[in-house]
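Examination of the molecular architecture
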Amino acid sequence: MTITFIGAGSWGTALSTIPAAKGHRINVFDIDEPHLRRMEEAMENVDYLPGVKLDGDYNFYTNNEEALKDADVVVFSLPAQIFRIALKSALPFIPEKAIVMNIAKGIEQKTLKRMSEVAEEVFDMDRYVVLSGPSHAEEVGIGMPTTVSVACRNSDNANFIQELFGCDYFRIYTNDDIVGLELGGSLKNVLAVGSGIIHGLGYGDNTRAAMMTRGIAEMTRLGTALGAKAETFAGLSGIGDLIVTCTSQHSRNFRCGDLIGQGMDPEEARKEIGMVVEGMFTAEAAVELAHRSNVEMPISEAIYKAITGHIDVKEAMIQLMGRPYKKEIVG
Ligand SMILES: NC(=O)c1ccc[n+]([C@@H]2O[C@H](COP(=O)([O-])OP(=O)(O)OC[C@H]3O[C@@H](n4cnc5c(N)ncnc54)[C@H](O)[C@@H]3O)[C@@H](O)[C@H]2O)c1
């Protein structure tokens, strides 16, 4: 089979090593030609995933048409805010029967659409698969045991992806909650920035546990208001992904929050990380969606205000802790 990756970032590269090891042809497309050439020359993604050698039938393209020729599966492996434009450019060349899989985690700014809602405008949803779950590219790239979920309107296609990308260290579960998978993977990035802020401020495990637990409650509240199943947030793409991003130095959302917590200007912190920090974009969308749906998300809102400079991080913490006492309700 031919599997085309649109975007040669860290996550797509890590994932590509699995079908490559099974002998499938891997086409990699990126708009950044120097980056792609460095990758081709070293047979390693030196810019975004150093240390992981690319063994197998790898082919590199800066031309969509060539990259997508005879593709059986097309994986969109780029930041969420770029998905619409990348899909538009690729669409005329995506073969009629190809399955499209999206691995981005985010919500489109301004339209507030999930990635599948963006795709639905132009693509057949029976052939559109979402993959989400606790998965650092750095760990998958070196074969550390990892579990994720996939969802598709057509369960045969979810099963197909499960077989194609599953291996002895990468276990894939199927799930029928596309909305939940997408929202879980996106909203947790906002809380990961918050977790980093807490770390940067010098607070401890209690504070982080509080934020994660009350954070998953507000993710579940918004998710169910938008049509997701509550139980999805107790699964891999909910609490699973929240744990991994809120507790790990691999997470660029966490690292960005850490710098902000230490006092760095949010924009400077984002630049310092150098790669896409999805949580910084998703925060605004999450708050806007919460307002529209009349759902309370005080933690995400505080993080949003802190990263947009509307409130000092310490003051945000004081306000969160000073909210009126309540009964504990999950979700
Ligand atoms: N990195 C991880 O561990 C990880 C894990 C799970 C999910 N994700 C999600 O995957 C998505 C991608 O993240 P990443 O870390 O792989 O990104 P990245 O920042 O490492 O790389 C993005 C790549 O996309 C390329 N690109 C930009 N615009 C393009 C276009 N129009 N056409 C083709 N290529 C283009 C860039 O040149 C770059 O090579 C994000 O939504 C992220 O949240 C990442």
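Quick look at the structure, then. Here the structure is a predicted model, which means the values were calculated and not measured. (Residues numbered from 1 in each chain as written. Predicted model: local features only at pLDDT ≥ 70, side-chain atom pairs only at ≥ 80, totals over all residues. Heavy atoms only, no water.)

Scanning all chains against the criterion turns up three aromatic pairs. When the centroid spacing of 6.4 Å and the interplanar angle of 65° are considered together, the rings of tryptophan 11 and phenylalanine 170 count as edge-to-face. Of this pair, tryptophan 11 sits in helix α1 (residues 10-21) while phenylalanine 170 sits in strand β8 (residues 170-174), placing them 159 residues apart in sequence. Residue tryptophan 11 shares its accessibility class with phenylalanine 170, and that shared class is buried. (Phe/Tyr/Trp six-rings, centres within 6.5 Å; stacked < 30°, edge-to-face > 60°. Helix = DSSP H or I, 4+ residues; strand = E, 2+ residues; numbered from the N terminus. Buried < 20%, exposed > 50% of the residue type's maximum accessible area, 1.4 Å probe, protein only.)

Side chains of nonpolar character tend, in soluble globular proteins, to be buried together. Grouped together as the largest cluster of nonpolar side chains are 45 residues, with contacts concentrated most on Leu191, Ile197, Met211, Ile260, Ile303 and Ile307. Among the elements of the structure, α8 (178-201), α9 (205-225), α10 (236-246), α11 (252-261), α12 (266-273), α13 (278-293), α14 (298-307) and α15 (313-321) are those that each provide at least two residues to this core. Broken down by element, this core gets its largest block of residues, ten residues, from α8. Excluding anything up to four places from it in sequence, isoleucine 303 contacts Val190, Leu191, Val193, Gly194 and Met211. (Core = buried A, V, L, I, M, F, W, Y, C linked by side-chain atoms within 4.5 Å. Contact = heavy atoms within 4.5 Å.)

Quick look at the sheet that holds strand β6 (residues 128-132) now. Taken in spatial order, the eight strands make up an open sheet running β3-β2-β1-β4-β5-β6-β7-β8, and their pairing is mixed. Two strands lie at the open edges of the sheet, namely β3 (57-61) and β8, each paired on one side alone. With strand direction ignored, the average angle separating the axes of adjacent strands in the sheet is 25°. Here strand β7 (residues 146-152) runs beside β8; their pairing, made up of five bridges, is parallel. What sits directly across from valine 150, in β8, is threonine 174. Where helix α7 (residues 155-165) meets the sheet, its contacts fall on β1 (2-6), β4 (73-76), β5 (99-102), β6, β7 and β8, and the angle it forms with β8 comes to roughly 175°. (Pairing = 2+ DSSP bridges. Axes fitted to C-alpha atoms, helices over the stretch in contact; angles between N-to-C directions.)

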